[in-house]
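Here is what each chain is made of, one letter per residue.
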Amino acid sequence: MLWTNVAYAMGAGQPAGGGANPIASFVPLILMFAIFYFLLIRPQQKKAKEHKAMLASIKKGDNVVTAGGIYARVFEVQEDVLVLDLGETKVRVGRSFVSAVIDPKAKKEEKKPADKKAAKDADKKENGKDGQN
């Protein structure tokens, strides 16, 4: 008696070929895959593609940051190896271990005030002429 109730609960009591549409049972799986694709897979592929392009565009004289956090200048570019200048030392690093190429001009531009009045006020504060002696 108990097993027949379990069998009906599992769907064994339904006639063959009848009931719910089999395609309707796959709709939630398809929706979950679509959500995972647009929220996880696609952005990761896009980021990997951009990183690969960045690695391919490294040239002599670029400032880079390695995966270990070392800031250096590219001294020489070979196939898959970069020779980085750390000042007094030169280090050979695999191209794939470069995390980012840094533009030193971009940092200087960020520090510039937006307008002339702000620049003038900043100069006064640096020189100690802000009225507080």
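Residues numbered from 1 in each chain as written. Predicted model: local features only at pLDDT ≥ 70, side-chain atom pairs only at ≥ 80, totals over all residues. Heavy atoms only, no water.

## A few points about the UniProt feature "transmembrane region" (unreviewed entry) in the chain
Phase 1: Here, UniProt's "transmembrane region" (unreviewed entry) annotation points to residues 20-40.
Phase 2: Strand forms 0% of residues 20-40 and helix 90%; the C-alpha atoms that close the span are 32 Å apart. (UniProt positions renumbered as here; feature names shortened; annotations may be inferred. Helix = DSSP H or I, 4+ residues; strand = E, 2+ residues; numbered from the N terminus.)

## Describing the sheet that holds strand 5 (residues 98-102)
Phase 1: The five strands lie next to each other as 4-3-2-1-5, forming an open sheet whose pairing is antiparallel. Each edge of the sheet is formed by a strand with only one pairing partner; in this case those strands are strand 4 (90-94) and strand 5. Pairs of neighbouring strands in the sheet enclose a mean axial angle of 45°, with direction left out of account.
Phase 2: In this structure, strand 2 (residues 71-77) lies alongside strand 3 (residues 81-85), joined through four bridges in antiparallel fashion. (Pairing = 2+ DSSP bridges. Axes fitted to C-alpha atoms, helices over the stretch in contact; angles between N-to-C directions.)

## Section: the packing of aromatic side chains
Phase 1: What the rule picks out here adds up to one aromatic pair.
Phase 2: Ring geometry for Y37 against F38: centres 5.2 Å apart, planes inclined by 80°, an arrangement best described as edge-to-face.
Phase 3: Stacked on the ring of F75, the Lys or Arg K60 has its end atom at 5.8 Å from the ring centre.
Phase 4: When the ring centre of F75 is taken as reference, the NZ or CZ atom of K90 above it lies at 4.5 Å. (Phe/Tyr/Trp six-rings, centres within 6.5 Å; stacked < 30°, edge-to-face > 60°. Lys NZ or Arg CZ within 6 Å of the ring centre and 35° of its normal.)

## Quick notes on the side chain of R95
Phase 1: Tracing the backbone shows R95 in the loop between strand 4 and strand 5.
Phase 2: Of the side chains with opposite charge, D80 lies nearest to the buried R95, which makes no salt bridge, at 4.9 Å.
Phase 3: Looking at R95, its side chain comes within polar contact range of the main-chain oxygen of E79, at 3.3 Å. (Buried < 20%, exposed > 50% of the residue type's maximum accessible area, 1.4 Å probe, protein only. Lys, Arg positive; Asp, Glu negative; His and termini not counted. Salt bridge = Lys/Arg side-chain N within 4 Å of Asp/Glu carboxyl O. Polar contact = N/O pair within 3.5 Å; in protein donor to acceptor, adjacent residues only side chain to side chain.)

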